[in-house]
Amino acid sequence: MLSSPWRSDFPALAVMEAQGEVYLDSAATAQKPQALISALTGYYTSGAANVHRAQHASAERATRAFEGTRTKLASWLNAAEPTEIIFTRGATEALNLLAYGMEAHIDAGDEIAITALEHHANLLPWQQLAQRRNAHLVVLPLDKAGHIDLEAATQLIGPRTRVLAASQLSNVLGTQQPLHRLLPLAKAQGALTVVDGAQGIVHQRTDVRSLGCDFYVLSSHKLYGPEGVGVLYGRREALARLRHWQFGGEMVQLAEFQHAQFRPAPLGFEAGTPPIAGVIGLGAVLDYLGGLDQAALAAHEHRLHRMLVDGLAMRDGIRLLGRPDCALASFTVEGVHPADLSHLLTEQGVAVRSGTHCAMPLMGRLGVSGAIRASLAFYNDGADLEVFFCALDRALELLR
Amino acid sequence: MNEPTLPPAAREAIDAFTGAAGWEQRARLLMQWGERLEPLADSERSDENRVRGCESQVWLIASEHDSRWHFRADSEARLLRGLLAVLLARVDGLDAQALRTVDVAEWFNRLGLGRQLSPSRANGINAVLSRMQALAAR
Ligand SMILES: Cc1ncc(COP(=O)(O)O)c(C=O)c1O
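Residues numbered from 1 in each chain as written. Chains lettered and ligands numbered in written order. Predicted model: local features only at pLDDT ≥ 70, side-chain atom pairs only at ≥ 80, totals over all residues. Heavy atoms only, no water.

K.L.:
I'm lost on the packing of aromatic side chains in this one. Help?
P.N.:
A ring pair, where both rings are aromatic, is described by two values, the distance of the centres and the angle of the planes. Residue and element names in this part refer to chain A. In total, this model carries 16 aromatic pairs over all chains according to the counting rule given. Ring centres of tryptophan 6 and phenylalanine 378 lie 5.7 Å apart, and the angle between their planes is 80°; this geometry places the pair in the edge-to-face category. Taken together, the positions of tryptophan 6 in the segment before helix 1 (11-18) and phenylalanine 378 in the loop between strand 15 (371-375) and helix 15 (382-399) put the pair 372 residues apart, joining distant regions of the chain. Neither tryptophan 6 nor phenylalanine 378 differs from the other in exposure class; each is buried. Where tyrosine 100 meets tryptophan 245, the ring centres are 5.9 Å apart and the plane angle is 25°; that geometry is what we call stacked. Placement of the pair is tyrosine 100 in helix 4 (residues 91-101) and tryptophan 245 in the loop between helix 10 (236-239) and strand 9 (252-256), with a sequence separation of 145 residues. The class for tyrosine 100 is partly exposed, based on a relative accessible area of 36%. Cluster of aromatic residues (ring-pair linked, three or more members): Trp6, Phe10, Tyr224, Tyr288, Phe378 and Tyr379. (Phe/Tyr/Trp six-rings, centres within 6.5 Å; stacked < 30°, edge-to-face > 60°. Helix = DSSP H or I, 4+ residues; strand = E, 2+ residues; numbered from the N terminus. Buried < 20%, exposed > 50% of the residue type's maximum accessible area, 1.4 Å probe, protein only.)

K.L.:
Just checking my understanding: could you explain helix 4 of chain A for this structure?
P.N.:
Note on helix geometry: an α-helix contains 3.6 residues per turn, so any two residues three or four positions apart are oriented the same way. All names here are of chain A. The element helix 4 is extensively covered by neighbouring structure, given that eight of its 11 residues are classed as buried. Where helix 4 is concerned, the buried positions are Ala91, Glu93, Ala94, Leu95, Leu97, Leu98, Ala99 and Gly101. Contacts made by the buried residues of helix 4 are with strand 2 (85-88), helix 5 (124-133), strand 6 (192-196), strand 7 (215-219) and strand 8 (230-234). (Contact = heavy atoms within 4.5 Å.)

K.L.:
Help me out: how do you make sense of helix 13 (residues 338-347) of chain A in this one?
P.N.:
Residue and element names in this part refer to chain A. Here helix 13 lies mainly inside the structure; nine of its 10 residues are buried. For helix 13, the set of buried residues is Pro338, Ala339, Asp340, Leu341, Ser342, His343, Leu344, Leu345 and Glu347. Looking at the residues trailing helix 13, positive phi occurs at glycine 349, about 80°.

K.L.:
Help me understand the environment of proline 5 of chain A in this model?
P.N.:
All names here are of chain A. Among the structural elements, proline 5 can be located in the segment before helix 1. What makes proline 5 exposed here is its relative accessible area of 57%. With 304 residues separating them in the primary sequence, proline 5 and valine 309 have C-alpha atoms 22 Å apart.

K.L.:
Which parts of the structure should I look at to understand the interface of chain A and chain B?
P.N.:
Interface size is often expressed as the accessible area that is lost when the parts come together. If you look at the interface, chain A gives 13 residues, while chain B gives 18 residues. In total, about 1400 Å² of surface goes out of reach between chain A and chain B, with carbon and sulfur atoms giving 55% of it. When the buried area of chain A at its contact with chain B is split by residue, His343, Glu347 and Leu398 of chain A rank highest and sum to 40% of it. For the pair chain A and chain B, the interface holds two salt bridges. Across the salt bridge formed by glutamate 347 of chain A and arginine 26 of chain B, the nearest N and O atoms sit 3.8 Å from each other. At the junction of chain A and chain B, the tally comes to eight residue pairs in polar contact (both at pLDDT 80 or more). For the side of chain A that touches chain B, the secondary-structure elements that each account for two or more residues are helix 13, strand 14 (353-355) and helix 15 of chain A. It is helix 13 of chain A that contributes the most residues to the side of chain A that touches chain B, six residues altogether. (Buried area = accessible area lost by both parts, 1.4 Å probe. Salt bridge = Lys/Arg side-chain N within 4 Å of Asp/Glu carboxyl O. Polar contact = N/O pair within 3.5 Å; in protein donor to acceptor, adjacent residues only side chain to side chain.)

K.L.:
Explanation requested: the nonpolar core in the structure shown.
P.N.:
Core analysis: the biggest nonpolar cluster contains 76 residues, and Leu341, Phe388 and Leu392 of chain A together with Phe108 of chain B have the highest contact counts within it. In terms of residues, this core owes the most to one element, helix 3 (residues 78-91) of chain B, which gives 10 residues. Excluding its chain neighbours within four sequence positions, the residues that come into contact with leucine 392 of chain A are Leu312, Arg315, Ile318, Phe331, Leu341 and Leu345 of chain A. Counting residues in each nonpolar core, the second largest holds 62 residues, with Ala74, Ile157, Tyr288 and Tyr379 of chain A among its members. (Core = buried A, V, L, I, M, F, W, Y, C linked by side-chain atoms within 4.5 Å.)

K.L.:
Looking at this model, I keep getting lost on the site of the ligand. Mind explaining?
P.N.:
Residues and elements named next belong to chain A. In the region of the ligand, the neighbouring residues are Gly90, Ala91, Thr92, His119, Ala121, Asn171, Asp196, Ala198, Gln199, Ser219, His221 and Lys222. In the model, an oxygen atom of the ligand is placed 2.5 Å from a nitrogen or oxygen of the threonine 92 side chain. In the environment of the ligand, an oxygen atom lies 2.6 Å from a nitrogen or oxygen atom belonging to the side chain of serine 219. Across the complex, the protein chains shield 86% of the 400 Å² of accessible surface that the ligand would expose by itself. Here the residues of the shell around the ligand sort into three nonpolar, seven polar and two charged. (Near = heavy atom within 4 Å. Areas by Shrake-Rupley, 256 points an atom, 1.4 Å probe, with all protein chains shown as cover. Nonpolar A, V, L, I, M, F, W, Y, C, P; charged D, E, K, R; others polar.)

If you want it as structure tokens, here you go:
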């Protein structure tokens, strides 16, 4: 039986288990390791303080820890320097920051390219930007398996393309995108490249410089960290092209009544008091993750995923959406409404997601109104999947 | 709850659901109840009759006779049809005043279906109820 040696690092899993709940919704948000819980408690019990403002001892301590996370992220992502890391309130906010920050570079008739599998967070900010600027949103199609069709992308990315925004790993299809071949197409046209790594970073260490993107976005709460924190990596030269977008607090260098000057990145893009505890907590999570045996972890996730996909494939009438590479699988069942199935899985204590997964246009293209998604983390083990399959069989028996 | 005012269908629901042992039997009952919904014509499954805020499509049609409200509802999802049927069993024939004050949470709790009303459920029973109240308040 496949068992996770890291499961006991996550106290919530024992609690859920005691309540008869199996958690297979980590792509929505991950459970948190004890290391995070301890770091948050430590911060709040040893003296909260605002950062980058006061000189007193607790402020100095908080600022050092806060900036420590920036440094850890820079090395986690292999950024050239910590100043290339901006903290936001989530991946969604980071993508909105980009869409506003780049606005001045988009003219009428320009093109913004996204892909057909984008989460609403990496679709709507660009759609709205295109509308504000009378630009065109170009949607790169997928192949059958659920990967971006590179041939079509070669045709569609052209001299008017100003931005390419694409996911690294689909939150619906579980497909890893061929970014190493896609991004150069945009670069060759002088376009800025944005990678939504909200799902991708959770399942593969990513080197932003070898990936060659201008911007990379991730979400703390999906990476076992606290909610309310997102991370935007920007290549130094690319960050310099962004216009400031939120105003107030320490992002200003000089303020007069009728005029102000703003700081450069990163602080110039961190208006207001940032989520200090959350950022410090994310730092503790990175330390925890960094201490794990990466090869063992990847092998465990791979075996879990095989078990999930094979188990689904074995069952009659189940249609997988795309051909998932890792992390998750979404599916529909012939003649069964996904809401009915999710209702009965919930009754049996199995936590999965059902619906459109914040990707309504993708569901439309796939010709389904909704799907069930089971998603994995390294704290899951074979027993979780056995419970899931058992519950699935009983539910289908009732519904068919 | 004011027992004498309960419609016969509601009494029947109480008898059926309070006797159900476990989730499987409840699910079977819900599916049976769902079959009892008055069918909607295709033309009635319109955007206008669609209840927003439900993950699955739900349609609701209200009519009034002698100050009493009659509802018809339908969905593509079978268990949700059952939930709609037990909701209708409780509220059908009420006047606008009674519709405003009916305690639907209590009703579902009584049937052992209270969890279906939790705010994180996207099934939309809450949205259906608000829509009923809004239609009756017009
Ligand atoms: C691919 C993808 N992008 C962006 C987001 C949004 O992330 P956040 O919750 O941090 O705003 C999600 C989360 O659902 C996601 O799966």
